[in-house]
Amino acid sequence: MISIAIHGGAGVINRASMSTENERAYRIDLERALDAGYAVLEKGGASLDAVVAAVRILEDSPLFNAGKGAVFNHAGINELDASIMDGATQKAGAVAGVRHVKNPIELARMVMEHSPHVLLSGEGAEEFALEQGVTLVPGSYFYTERRWKQLEDAQQAEKTQRVASAADEDIGFFSTVGAVARDRNGNLAAATSTGGMTNKRWGRIGDSPIIGAGTYADNATCAVSATGSGEYFMRAVVAHEICARVRLSGVTAAKAAHDVVHGTLKDIGGDGGVVVVDKGGAITLEFNTEGMFRGARDSGGRREVAIY
């Protein structure tokens, strides 16, 4: 069994207010990412290559909160985080707070494969990128009018001491992207990328670049990529918790994901979801919010993209 699952964020996604045009745009990019990753697997490629191929497309889309579509921090700057993990070797790489890297997921993989470290941040991560031959892009590359309006709304809400809320069909606060996959050799991989939270301050880092919180992969159990309210995913160590339950209690990855997302995470106030693929290639898409942009495809004939 070869299989891949992707996500593009979980949160309040109101079917009634989502325009047909916007829904179609989301579905097109989700399908492109899903099929790009699956094509790698179908040709006998590695799960690591598949998840990078899928996430890179979502990073290049202005619709999702990663890469091109990243949200702005309090200072009006885009700060990007990403991580990747190889289930076969337990190696991992991550970057946090980078401002000029077009595809952070590719740099995270370079950290894993070409450095002795797991997580690099800020200017140091970009210095490493230059040493690896990565061409940095100007901050203006990440500008989108939609995300700028979100920042303005959030800051206005702050001034009037009310809670900022996204438009009904705009989940920019929680639209992290990610992918998990199993290749023909039974190797699992997980990858996650994000722009973080709109109006974040003080160099805030969420769960996406934290191995065990937003990303985890182990060939003996499963691979997980998460999306949602990052502070809670870190506190519950969600990605690792799901794999640990499979390893230690023998439950299926599907049950572990359900119990963690609807129990452990929800109990402490966390919203969001996960995509999971287990060691046999079975896919689980679990979330406790109104919706999650997601997709799944496997060699058993399953191919789906969903939002609500």
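Our subject is the structure that appears above.
Residues numbered from 1 in each chain as written. Predicted model: local features only at pLDDT ≥ 70, side-chain atom pairs only at ≥ 80, totals over all residues. Heavy atoms only, no water.

## Let's talk about the sheet that holds strand 11 (residues 291-298)
Stage number 1. With mixed pairing, the eight strands of this open sheet are ordered in space as 4-3-2-6-5-1-11-12. A strand with exactly one partner marks an edge of an open sheet, and here the two such strands are strand 4 (119-121) and strand 12 (303-306). When the angles between neighbouring strand axes are averaged without regard to direction, this sheet yields 10 degrees.
Stage number 2. Here helix 2 (residues 47-60) sits on the sheet and contacts strand 1 (3-11), strand 2 (80-86), strand 5 (177-182) and strand 6 (188-194); the angle it forms with strand 5, its principal contact strand, is near 160 degrees. (Pairing = 2+ DSSP bridges. Helix = DSSP H or I, 4+ residues; strand = E, 2+ residues; numbered from the N terminus. Axes fitted to C-alpha atoms, helices over the stretch in contact; angles between N-to-C directions. Contact = heavy atoms within 4.5 Å.)

## Brief notes about the side chain of Gln150
Stage number 1. With respect to the secondary-structure elements, Gln150 resides in helix 5 (residues 145-159).
Stage number 2. Given a relative accessible area of 6%, Gln150 falls into the buried group.
Stage number 3. Within the structure, Gln150 has its side chain in polar contact with the side chain of Thr198 (distance 3.3 Å). (Buried < 20%, exposed > 50% of the residue type's maximum accessible area, 1.4 Å probe, protein only. Polar contact = N/O pair within 3.5 Å; in protein donor to acceptor, adjacent residues only side chain to side chain.)

## Remarks on the pairing of strand 1
Stage number 1. Buried residues dominate strand 1, accounting for nine of its nine residues.
Stage number 2. Relative to strand 5, strand 1 runs antiparallel, the two being bridged by five bridges. For Ile6, the partnering residue across the bridge sits in strand 5 and is Ala179.
Stage number 3. Direction of pairing for strand 1 relative to strand 11: antiparallel, over a ladder of seven bridges. When the sheet's bridge partners are listed, Ala5 is paired in strand 11 with Ala296.

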